[in-house]
Every structure is written in structure tokens, then in C-alpha cells.
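Below are the chains, spelled out letter by letter.
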Amino acid sequence: MLSRRELFPHVLEMNYQARRRLGCSVYLVFDELDWMLIDIGFEDTVSEIVDMIRQLDFPLANCRYLIATHADVDHVQGLKKAKELLPSAETLAHPAAAKALADGDRILTYAEIAAQGIAIDMPAIQIDRQIGEGDVLELGGLKLDVWQTPGHTESQLAFRQGNLLFSGDNIYRDSCVGNIDAHHGSDIPAFIKSLQRIRDSDVEWLLPSHGPVFRKDNAILDAAMRRLDRYQHMADFGTCAVDWPLLDEWDEELAEGIDPTAE
Ligand SMILES: [Zn+2]
């Protein structure tokens, strides 16, 4: 038997439990006899995680939900295997993530980034129930509110439970955010709105999908929003930018016939 290292009442995180980095954050939420997992990570760590859960004295038959915060391979590659080991659990994801998972979409999930020579397995899986904004998950006597927080990708979900927010890839402790990529459906204006929502909420703790848990600090969120606000107007972000002011300047200079070499 292992002793439970609860981060907060009702909440464990499997990297924290193991005291070493296994992959993305894998949160185990429990109440009474029921428990659930928020993300599962790569397939090759599933057995170890499920074994740890068994040793923490959570009956495997009482797993109610296996949740995908979104459909990135580092969060969901192990979902099919986890469902095989935990057949009583219902798999839950946003409709866009459910589609990517059912299709085994290799681009949207980042299983394949041909230009970087990245190609890994992405086992397809049918999601049992599609969830989104306003849904409430019940677990024992706990209630988790589902927040749809698009930006990193359309399907990004966050889950509020009391003063905690399982915040996915929205924001990390160093103020970095989940990566911004056109092929991933990233949307910078939507991302800023999601961060604003988190900022304006009265949650006290953010439980991200990568890196340590941290107290919600508006300075961290403001710094991210300021960066993203600039990104919206920068060529660096390609088709994710909403405009590029230099092109307007260029239009004017071309119309005026300005000579760049004239002093
Ligand atoms: Zn991630």
C-alpha cells in the first residue's frame, strides 16, 4: 500500500504522488467511493499509473470518468489502454476532441509533425460522452463545473471544483501558455478571453496540465495576456495573427511613393 499525497482535499496528482515526472499532469479526484482521472498521458505510463492507483487503495471498478482536457497526444495517447484497464469508467471530452480521437487524427493531436520527423502512435478511441460549457460532473458528493476555454485549441476544457481550477494548457506557473499553432486550431483572441475569464474568477488555485500547481496570481495571467495581445499583431504568429500593422504602413508608403533610401 502507498500513502496518499493529497495536494488538496479530494485531489491527487500522479507525478506529485510518484515524486518524479511521468508526463503531463494526471489528476485523480475522489469522493466517497468514486474517483476519476483528468488526463492520462502517454500510453507507456498507463500501467504504472493504474498500478499506483491500485496501491493507493482506490478500487479500479470505482473509476467513474476518464477525462481528456483536449486531444493532444501527450494527454490522450494512453486513453484507449486506460479504458481497457478501467472499463467501468466513462470517457469524456469536448466534441472537437471526441472527433479527433475517434478519427485518430494525427495532425490535430500532434502525433505527427512530419517537418520535425515526429511520428508516434495515436490509438483511436470512441468517447462515451461529449461535454462542454455549463455541464456539471458529479462525483460522490462533489460537483465539477465544465469550462470551455478555447485558445490553445478549440477543444480545451477546464474544470472548476470549489476554489480549484483544473486549468489544462491555458496557463503555467511561469506565465507560458499552451502552444499557439495554426494547424492546432489555436485562436489568439479566444485565448485572451479564456485567460481573462480565469483571471476574473474567484478560484484560488490553478492545477495546470504541465508543471507545478500554483496559486492564481493575476500578475502571471496579465503577463500572458499582454504577450498574446502583442502576438495578435505580429507576423511571427502567421495566420494566427489577426492583423499586421506593417502591411498598412507599407500600403501608405507605396501609395505615396516613399523612397526608402532618401534621408
Ligand atoms: Zn499539453
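The coordinates are above.
On a predicted model such as this, the values are computed, not experimentally measured, just so you know.

(A) Molecular detail of empty space enclosed by the protein. In total, this model carries 1 cavity of 30 Å³ or more according to the counting rule given. By volume, the largest cavity amounts to about 40 Å³. Lining the largest cavity are L22, G23, C24, V26, I40, G41, F42, T45 and I49. Along the lines of polarity and charge, the residues of the lining of the largest cavity split into 6 nonpolar, 3 polar and no charged.

(B) Representation of the sheet that holds strand β8 (residues 129-130) within the structure. One open sheet holds the 6 strands; their spatial order is β1-β2-β3-β4-β5-β8, and the pairing between them is mixed. Whereas interior strands pair on both sides, the edge strands pair on one side only; in this sheet they are β1 (11-13) and β8. Bridge analysis of strand β3 (residues 34-38) against strand β4 (residues 63-67) gives 4 bridges, and the strand direction is parallel. Bridging from a neighbouring strand, M36 pairs with Y65 of β4.

(C) Fine view of the nonpolar core. In terms of nonpolar packing, the biggest core is built from 37 residues, with M14, L28, W35, L37, I53, L86 and L101 touching the most fellow members. At the level of secondary structure, the elements contributing two or more residues to this core comprise β2 (27-31), β3, α2 (46-55), β4, α3 (73-76), α4 (79-85) and α5 (95-103). If you tally residues by element for this core, the top one is α2, at 5 residues. Excluding residues that lie within four positions of it along the chain, L37 makes contacts with V26, Y27, L28, I53, Y65, L66, I67 and L86.

What counts and how
- Residues numbered from 1 in each chain as written.
- Predicted model: local features only at pLDDT ≥ 70, side-chain atom pairs only at ≥ 80, totals over all residues.
- Heavy atoms only, no water.
- 1 Å grid on protein atoms, 1.4 Å probe; cavity = no way out; pocket = protein on both sides within 12 Å on 5 of 7 lines; lining within 4 Å.
- Points joined across faces, edges and corners; volume = space filled by probe spheres on them.
- Nonpolar A, V, L, I, M, F, W, Y, C, P; charged D, E, K, R; others polar.
- Pairing = 2+ DSSP bridges.
- Helix = DSSP H or I, 4+ residues; strand = E, 2+ residues; numbered from the N terminus.
- Core = buried A, V, L, I, M, F, W, Y, C linked by side-chain atoms within 4.5 Å.
- Buried < 20%, exposed > 50% of the residue type's maximum accessible area, 1.4 Å probe, protein only.
- Contact = heavy atoms within 4.5 Å.

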